Every structure is written in C-alpha cells, then in structure tokens.
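These are the residues of each chain, in order.
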Amino acid sequence: MKSRRKEVFNTSSVIGNYLRIYFGQEQGVRLGESGVVSLKVHQVVPGRKGQVKILTNRDAGQCFLEYIDPGRVVHLSVFHQHGIICPREVAKRIFWNIEEYIQQETPSLSFVENDRLKKAVDYALKIQVVTCEGKGLVYDLFQGQVEPLDPGEQVLNHVRVLIKVDSNRYDIILPVAAAVEEAIIAVGLELGKVRKIIHTRAKEQEKRLANYVLFPWRQLKNVSYLTLRENQNQLVTILADRFGSIKEVEDFLASYTPSIFHRMSKDQQHKKWGNLEEHLQQLEELGIVKKTIFGTYLTRDGKELKEFINHHRCELEAEIRRSIRRKPRKSGRIRKLGENTEKPTTIQYVNYNKVKRQNDDTWSGNLAIPQTVLQAKKSSLLRGENRLIIQKDDLYQYERRHYIPMDVCLLIDASGSMAGEKRQAACYLAQHLLLSGREKVAVVTFQEMKAHLAVPFTKNQKTLSRGLSNIRPGGLTPLADGIVTSIEVIESTPVSNPVLILITDGMPNFPLWSFDAKKDALEAAYKIAEAKVRFICIGVESNKEYLKKLARNGSGKLYIVDDLNRSNLVDIMAYEKRIAASY
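On a predicted model such as this, the values are computed, not experimentally measured, just so you know. (Residues numbered from 1 in each chain as written. Predicted model: local features only at pLDDT ≥ 70, side-chain atom pairs only at ≥ 80, totals over all residues. Heavy atoms only, no water.)

Caption draft 1: Just the overall build of the protein, in detail. Of the regular secondary structure elements, the protein holds 20 helices and 20 strands. Here the protein holds 583 residues, and the buried ones make up 50% of them. With an accessible surface of roughly 28,700 Å², the protein has 50% of that area assigned to carbon and sulfur atoms. (Helix = DSSP H or I, 4+ residues; strand = E, 2+ residues; numbered from the N terminus. Buried < 20%, exposed > 50% of the residue type's maximum accessible area, 1.4 Å probe, protein only. Areas by Shrake-Rupley, 256 points an atom, 1.4 Å probe, with all protein chains shown as cover.)

Caption draft 2: Quick peek at the environment of Val29. Within the element layout of this structure, Val29 appears in strand E1 (residues 29-31). For the pair Val29 and Ile197, spaced 168 residues apart in sequence, the C-alpha separation works out to 7.9 Å. Contact partners of Val29, with chain neighbours within four places excluded, come to Tyr18, Leu19, Tyr22, Gly35, Val36, Val37 and Ile197. (Contact = heavy atoms within 4.5 Å.)

Caption draft 3: Main features of the sheet that holds strand E3 (residues 40-44). Sheet architecture is open: three strands sit in the order E3-E4-E9, paired in mixed fashion. Each edge of the open sheet carries a strand with a single partner, namely E3 and strand E9 (196-200). Taking the axes of each pair of neighbouring strands and ignoring which way they run, one obtains an average angle of 30° across the sheet. Relative to E9, strand E4 (residues 51-59) is paired through five bridges, and the arrangement is parallel. Across the sheet, the residue bridging to Gln51 is Lys196, located in E9. (Pairing = 2+ DSSP bridges. Axes fitted to C-alpha atoms, helices over the stretch in contact; angles between N-to-C directions.)

Caption draft 4: Local environment of the environment of Val41. One can find Val41 in strand E3. Sequence separation between Val41 and Asp59 is 18 residues; the distance between their C-alpha atoms is 6.2 Å. Setting aside anything within four residues of it in sequence, one finds Val41 in contact with Lys53, Ile54, Leu55, Arg58, Asp59, Ala60, Cys63, Phe64 and His75.

Caption draft 5: Here's a closer look at helix H4 (residues 113-124). Spanning twelve residues, H4 covers 16 Å between terminal C-alpha atoms, matching the ideal 16 Å at 1.5 Å per step. Where H4 is concerned, the buried positions are Arg116, Ala120, Tyr123 and Ala124. Seen end-on, H4 carries its buried residues on one side only, within an arc spanning 105°. Away from its buried face by more than 90 degrees, H4 exposes Asn114 and Lys118. Where H4 is buried, its residues meet helix H3 (87-105), strand E6 (127-131), strand E7 (134-137) and helix H5 (138-142). (Expected span 1.5 Å × (residues − 1). Arc of directions from axis to C-beta.)

Caption draft 6: Up close: the packing of aromatic side chains. Applying the stated criterion across every chain yields a total of four aromatic pairs. One residue, Arg160, lies across the ring of Phe64, its end atom 4.1 Å from the ring centre. Positioned above the aromatic ring of Tyr428 is the side chain of Arg566, whose terminal nitrogen or guanidinium carbon lies 4.2 Å from the ring centre. (Phe/Tyr/Trp six-rings, centres within 6.5 Å; stacked < 30°, edge-to-face > 60°. Lys NZ or Arg CZ within 6 Å of the ring centre and 35° of its normal.)

Caption draft 7: The packing of helix H13 (residues 313-325) against helix H15 (residues 421-436), seen in detail. Contact geometry for H13 and H15: axes closest at 9 Å, N-to-C directions at 95°. Considering the angle they form, H13 stands roughly perpendicular to H15. Residues Arg321, Ser323, Ile324 and Arg325 of H13 pack against Tyr428, Gln431, His432 and Leu435 of H15. Residue composition of the contact of H13 with H15, grouped by class: three nonpolar, three polar and two charged. (Parallel < 35°, antiparallel > 145°, perpendicular 65-115°, else oblique. Nonpolar A, V, L, I, M, F, W, Y, C, P; charged D, E, K, R; others polar.)

Caption draft 8: Structural detail: the sheet that holds E1. Taken in spatial order, the six strands of this open sheet run E1-E2-E5-E8-E6-E7, and their pairing is antiparallel. Bordering the open sheet on either side are E1 and E7, each of which pairs with just one other strand. Strand-to-strand, the axes of this sheet are offset by a mean angle of 20°, without reference to chain direction. Sheet contacts for helix H6 (residues 173-186): E1, strand E2 (35-38), strand E5 (74-79), E6 and strand E8 (158-163); angle to E5, the most-contacted strand, approximately 30°.

Caption draft 9: Quick look at the pattern of salt bridges. If you walk through the whole model with that rule in mind, you get ten salt bridges. Here Lys548 and Glu545 are joined by a salt bridge, their closest N and O atoms 3.8 Å apart. Residue Lys548 and its partner Glu545 are located together in helix H19 (residues 544-553), separated by three residues, close to a single helical turn. You can call Glu545 partly exposed: its relative accessible area is 48%. Several salt bridges share partner residues, and in doing so they unite Arg534, Lys557 and Glu576 into one network. (Salt bridge = Lys/Arg side-chain N within 4 Å of Asp/Glu carboxyl O.)

Caption draft 10: Spatial organisation of the packing of helix H9 (residues 246-254) against helix H12 (residues 300-311). Interaxial distance between H9 and H12 falls to 11 Å at its minimum, and their mutual angle equals 155°. Comparing the axis directions of H9 and H12 gives the class roughly antiparallel. Read as a crossing pair, H9 and H12 show a hand that is left-handed. Contacts from Ile246, Val249, Glu250, Leu253 and Ala254 in H9 reach Leu305, Lys306 and Ile309 in H12. Class assignment for the residues of the contact of H9 with H12 results in six nonpolar, no polar and two charged. (Left-handed = near helix turned anticlockwise from the far one by under 90°.)

Caption draft 11: Just unusual backbone geometry, in detail. Backbone geometry at Asn497 places phi at a positive 45°, although glycine is not the residue there. By the element assignment, Asn497 lies in the loop between helix H17 (479-491) and strand E18 (499-503). With a relative accessible area of 11%, Asn497 lands in the buried category. Within the chain, Ser555 stands out as a residue other than glycine whose phi angle is a positive 55°. Position of Ser555 relative to the elements: it lies in the loop between H19 and strand E20 (557-561).

Caption draft 12: Local environment of the environment of Ala454. For Ala454, the location among the structural elements is in strand E17 (residues 450-458). Judged by relative accessible area, Ala454 falls into the buried class, the value being 17%. Residues Ala454 and Ile412, spaced 42 residues apart in sequence, show a C-alpha to C-alpha distance of 9.8 Å. Every residue in contact with Ala454, bar those within four places of it in the chain, is listed here: Val443, Val444, Thr445, Gly467 and Ile471.

Caption draft 13: Broad picture of the pairing of E3. In this structure, E3 lies alongside E4, joined through five bridges in antiparallel fashion. Across the sheet, His42 pairs through a bridge with Ile54, a residue of E4. In sequence, E3 turns back onto E4 through a hairpin of six residues, with Gly47 there showing a positive phi of about 80°.

Here's what the structure looks like:
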C-alpha cells in the first residue's frame, strides 16, 4: 500500500497538468479503472454496465453547490459495488493522504508540524465527500459531523467528491482519488470498472434545477380557477426568487412585448440578470413566450400572466417578502480575517409583553399598573384588609431589553464582472437585511468612472426594490470613489451604528486622485476609520492579499468566500448580527 501511495504521489503533478488540458476542452477523464473526474456532472448510463455520461452543459459547482461561476469545482466519482461506506472513514483517509502528500511535496514541512497541518486543513475545508450514508466537508467529517443527504440524492454505487481548487492545484486530485479507493477496499467492497465515458448534453427536461418548474399550462384551461391561480402563484414566486422582486419579473416580461420602449437587448438583459437561455426555454415550454424569426415575444398566456401579476401584486409581494426573510441554506466556505475596532452602542427599550417584580435595589423602570393592582388586590385579601393597599412587595415593572441597531450601507461593485447572478445575490442581501431587521439600508454602486447612490437610507421595501432594479453592471471598477461616496452618504444621514459593507469580486482599475487606482482605494479606506464607521469587506480568494490591506486601512474585517452567492452573503451578515448582539 505504501509503495502504491508513493507511486501516486510521484505522478500527481503530471496527472494535474494532464487534467488541466482536458478540463480546458470541457472533457472528462477516467482516473484509474474506477474513477471519473471532470468539472461537469456525471451520470451512470442505465442498463449499460460501466458506462458513464458526462453532461457537458451541467457544471458541477453550479448544480451541487449553487455556485455562480462555472469551472470552480472538480467532480470526482469513484465507483464500487453496491454497499455501505461511511463518509467519515473516507474523509479520514483523504486527510491522511493529503498530509502525507504535502510532506513529500515540501520536505521542509516534515519538521514544521503546525504549518503542514494548516495546509492540510485548508484542503480539508475545500473538499466535500458524499456517500450513501451522508455527506460533509472532510474537515467536518473528520470530527464526526455528518450531514444527511438531500431528498432524491442517490449515491448507491459510487463515492462523490467535490474539490474546490484552482487549476494550478489539480495535482491534489490523484492523492484524493487514491484515498477514496483505499476506503472502499478497506470495507470489503470491490471497485467498479469504468469501461466507457460518453460526453453529451443534458436535455432541458432532465435538468430539474432548484428553480426549475414545468406546469402543464395549456392543460389547466379547463380546471378550476383556484387550481390555475395556485399554479400562477407558484410560477411567479419562482420567477421572483430568480429575478429578485415582482418589479424585476415585470421588467423581464415587459422586455418581450412588441413595444420598442420596453424591449431590452440581449446585452442589457445579460448585464442585469445574467444568462437567461435556460429560463427562456422553460417559459417557452410553458407557452409564456414564443420564438419567431423576428425575435421572442409574449404569447396570449404570457400577457395573461402579466395581468395576473398586476391584479394580485399585494399578495404576491407578501409571499416574496416571506421567502426573502427565510435564510437560504449554507452553501460554501467563509474565512474571516481581522476585527472591527468600532464597538456598537446599545439602545434600551421597554418590553411591554413581559413584567417582573420590582427590584429592591432600584425604583427606576416603567411601572406595570395592571399587574401591580392585581397583585395588591390579592395581597389585601390575604391580609384581611377591607380596602386596596399597595405595598412595596406588590409592585411590578415592565422588563427592559437591550437592542443594538445596525444601519447598513451596502457598497456594491457594479462593474462588468458582477453582471447577472452576482448582482442579484447582492440585491437579495439588501432586501434580506431590510425585511429581517429594523434597520435602515442604503445602497451605493460603483462602475464605469464614478459611484452612484442607488438607494438612500430607507426602511421602505418598495423604495429599495425600485433602486435595486436600476442597477445594471458594466464597465470599470472605481472603488475609491465608491468608498468616498459611501462615507458622505453615512455622514449626511442620521444613522445608528453605521456599517459599511463592500461586496466585490475584482480589483480597482479606475483612479480618483492619482493615476494608481489601487493606491487611491487604499487611501480612501483610511477615511472609513476616521469616520468611525464599522467596515466589512466581502471578496474572493484571488484578491485576498489586496483586500486584506484595504480592510486593515479601514480598521475593518475581511470575509473571503468561495463564491459570491446569496447564501454566503446572508450567512456573513447573520454572523455579524450575532457578534453585535454579544456586546
């Protein structure tokens, strides 16, 4: 076993280069006799033993982990005969193999156990294992934490491994695959043989994504009004979840009307909503839109859907608000660097729903008169008194609660790289913050050559939605102007414990004062600390070193995420609120 492992380690870098070439051509590769690895989703061909389909139009990260950008997750499937495999045992072997591989790759780490362990843990936080017994990150599974499988998730004859690594670290894939094979053999199961790999595209009806729905629309014409309305409600809710609000659904449908004043070009649509091909295909199947040689237009059913939205706007918006308040499921890894130096101030308020006995030490507080009178009446009867006498022991007061308000200014990168689902994730966070708390929310965007106040501080959800619907990413990244504008907005508005949250996936490339955009942004960050504003920066791994400097200059903290999706953004703010509540 040791000699085989050494052979695996020696060929890992060669295999990594080999995989980089094939993945660049959107091809999958057979790894050994039992493994298949690619950036796509794998499926067993029914009735054909040993044949595996690689669905070239289904990205593994997008389908399994709800990532926005494709090509971020390597999908490894190791096949075996039907049997039970504990994900914890697989995770242990993967961790041990990675640690041993790191030691062989960098011999100097043999004498620095902490550094070697830190590198191994970093990989363990990027690898997810799924077997028929459960799933989880290698780091969590190693500590005994197993998540249940999602409904309909079947891995009866293989172990699925999702590896979140950059292309320059594909050398780690072979040691991981070897560890999975060792775990399968250790429980007495035979490895399955992959005889043939077929590259194909998934049919639209096979996708069944989380936001995919297919109604027998035309068959509903003869059913009851309630059934039709229930299906329309569900369709609009799904569309609003995808596009962010009822207003955005209306804008989307309006872009397919014959009127030239409402139609958008494909480029404008992509900037605002991202790739819509899949959704257009679904709506075409539903009979909502129809493609012609002159373009895509709403059908009669599509126009009826627009009327339905217009007539039931209030109840539909209420349903959307309920959906936004719910916290989405956790989908990625988040790393926190640094701490805020500004501490929030606490506000006390009276809780009229709870009362307590008057404290002997202090008479301050709001007297709960009804409870005090009732208690005095009981005490007077017990003492045999003929009239009501209120004594010190009869006094009740309303409880006081501590509350930390946190008004949020979102500084959103609206450059070209944030088009589509990243923009929508940031807009979703703005709505979630406003609807799930009592605080005011403002939105500042920066793109092209300047920053823009998209939404002033508000508690009104309609005002927020209107401002967010006008955000259309494109152009350069003037981060320095975005920071300066945000500080001006915060200082010109009465706010409580203001927090500036920067969401970006890129680097500044348009300056404000000099000819160096990066230097200007770092200088602008000092103004955040000077204004005594709490600062939170959310970015991606590739820009970590620069963003660390930015967060340090602003006396704030940095969160590095695998992907700028809505789940990660909401998780960060939920954590920040818990931290604020602990002060």
